[in-house]
Amino acid sequence: MLVAAAVCPAPPLLVPEVAAGAAAELGDARNACSDALAVLAASRPDLLVVVGAAAEGGAYDQGTPGSFAGFGVDLTVTLGPDLGEPPSGHATGVTLPTSLAVAGWLLGQARWAAAPVAGAAVAADLAPSGCGLLGADLGGSAERVAMLVLGDGSACRTLKAPGYLDERAAAFDAAAARALGAADVAALAGIDAVLAAELQAAGRAPWQVLAGAAEGAELEGRLLYEDAPYGVGYFVAAWS
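Procedures and definitions
- Residues numbered from 1 in each chain as written.
- Predicted model: local features only at pLDDT ≥ 70, side-chain atom pairs only at ≥ 80, totals over all residues.
- Heavy atoms only, no water.
- Salt bridge = Lys/Arg side-chain N within 4 Å of Asp/Glu carboxyl O.
- Helix = DSSP H or I, 4+ residues; strand = E, 2+ residues; numbered from the N terminus.
- Buried < 20%, exposed > 50% of the residue type's maximum accessible area, 1.4 Å probe, protein only.
- Phe/Tyr/Trp six-rings, centres within 6.5 Å; stacked < 30°, edge-to-face > 60°.
- Pairing = 2+ DSSP bridges.
- Patch = residues over 30% accessible without salt bridge, like charges linked within 9 Å, V, L, I, M, F, W, Y side chains within 5 Å.
- Areas by Shrake-Rupley, 256 points an atom, 1.4 Å probe, with all protein chains shown as cover.
- Core = buried A, V, L, I, M, F, W, Y, C linked by side-chain atoms within 4.5 Å.
- Contact = heavy atoms within 4.5 Å.
- Lys, Arg positive; Asp, Glu negative; His and termini not counted.

Colleague: It is not clear to me how the pattern of salt bridges should be interpreted in this structure. Could you clarify?
Modeller: Pairing of side chains with opposite charge becomes possible as their charged atoms draw close. In the structure shown here, the tally under the stated rule is three salt bridges. For Arg 168, the salt bridge goes to Glu 198, with nearest N and O atoms at 2.9 Å. Taken together, the residues Arg 168 in the loop between strand E7 (145–150) and helix H5 (169–182) and Glu 198 in helix H7 (residues 193–198) connect sequence positions 30 residues apart. Take Glu 198: its relative accessible area is 43%, and that puts it in the partly exposed class.

Here you go:
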């Protein structure tokens, strides 16, 4: 059963080594993520499930490595504490998708040791119904499950945003922020997948996985951070 959740943004720029001279711009977001992870640790979970969007869905074991070499930085992280041996059931050379690599960095900064970690990449185009089913399955994977969910809002908030300016983006992000801050499962499950794709909102699928996991859990939420510093909606929320 889901007992706590943290929602964090997934940009590689969250990692100071990647952001370089612009690292200070996301300092508040990093601090909020740290606070959200503390809520997860305090929930005394039996398992932490990390969920992030990727081109394809897949499962990743604790200790799976992730790299930021594609962003020009010689930095490797692992999903949770490094087990010192290749994760079981995974072929040599398997690496984390970017969203889960960012999660690995966050967990490393938090020195996560509260529970074992499992990763779940969700296909960015997975239908809302599929996201709900996946979330229900993940939420029932241990007696006390905590979930770290990585995902961004619209990438169309300004003229210089990755997706250019779309007048619908601000309202979309405002609704997402309300839903995440209130732990509104129905509102998250009801996000329009077509609109989210048009607005390049990579968090849609992971948020709807969270909604599926949280169905019936009656958690309360707090919005810890909301901004769009690069024309992309970033949110941090904690549910408990």
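We are not done yet, so read on.
Colleague: So what exactly am I meant to see when it comes to the packing of aromatic side chains here?
Modeller: Evaluated as defined, the whole model comprises two aromatic pairs. For the ring pair Phe 68 and Phe 71, a centre distance of 6.4 Å and an interplane angle of 45° mean the geometry is tilted. The buried category is assigned to Phe 68, whose relative accessible area is 0%.

Colleague: Would you take a moment to explain the pairing of strand E9 (residues 234–239) for this structure?
Modeller: The side chains of a regular strand alternate between both faces of the sheet. Most of E9 is tucked away, with six of its six residues classed as buried. Burial along E9 is two-sided: Tyr 234, Val 236 and Ala 238 and Phe 235, Ala 237 and Trp 239, pointing in opposite directions, are all buried. Hairpin connection between strand E8 (residues 221–227) and E9: a loop of six residues separates the two successive antiparallel strands, and Gly 231 in this loop has a positive phi of roughly 80°.

Colleague: In this structure, what is going on with a nonpolar patch on the surface? I would like to understand it.
Modeller: Where nonpolar side chains cluster on the molecular surface, the patch consists of Leu 159, Tyr 164 and Leu 165 and spans about 310 Å² of accessible area. With respect to the helices and strands, Leu 159 occurs in the loop between E7 and H5. Leu 159 gets classed as exposed once you look at its relative accessible area, which sits at 54%.

Colleague: How should I be thinking about the nonpolar core in this particular structure?
Modeller: In this structure, Leu 40, Leu 48, Val 50, Phe 68, Leu 148 and Leu 150 are the most contacted members of the largest nonpolar core, which totals 45 residues. Within the residue set of this core, elements represented by two or more residues are strand E1 (2–8), helix H2 (27–42), strand E2 (47–54), helix H3 (98–109), strand E6 (117–123), E7 and E9. The contacts of Leu 40, once residues within four sequence positions are left out, are Ala 4, Ala 5, Ala 6, Pro 45, Leu 48, Trp 112, Ala 146, Met 147 and Leu 148. Ranked by size, the runner-up nonpolar core spans 39 residues in total, among them Val 122, Ala 177, Leu 210 and Phe 235.

Colleague: What should I look at first to understand the environment of Leu 126 in this one?
Modeller: Along the chain, Leu 126 turns up in the loop between E6 and helix H4 (128–139). Classification of Leu 126 as partly exposed rests on a relative accessible area of 28%. Taking the C-alpha atoms as reference, Leu 126 lies 9.6 Å from Ala 53; in sequence the two are 73 residues apart.

Colleague: Help me out: how do you make sense of the side chain of Asp 152 in this one?
Modeller: In this structure, Asp 152 sits in the loop between E7 and H5. Despite being buried, Asp 152 has no salt bridge partner; Arg 157 is the closest side chain of opposite charge, sitting 11 Å away. Beyond its immediate sequence surroundings of up to four residues, Asp 152 is in contact with Pro 9, Ala 10, Pro 11, Ala 201, Ala 202, Gly 203, Trp 207, Val 232, Gly 233 and Tyr 234.

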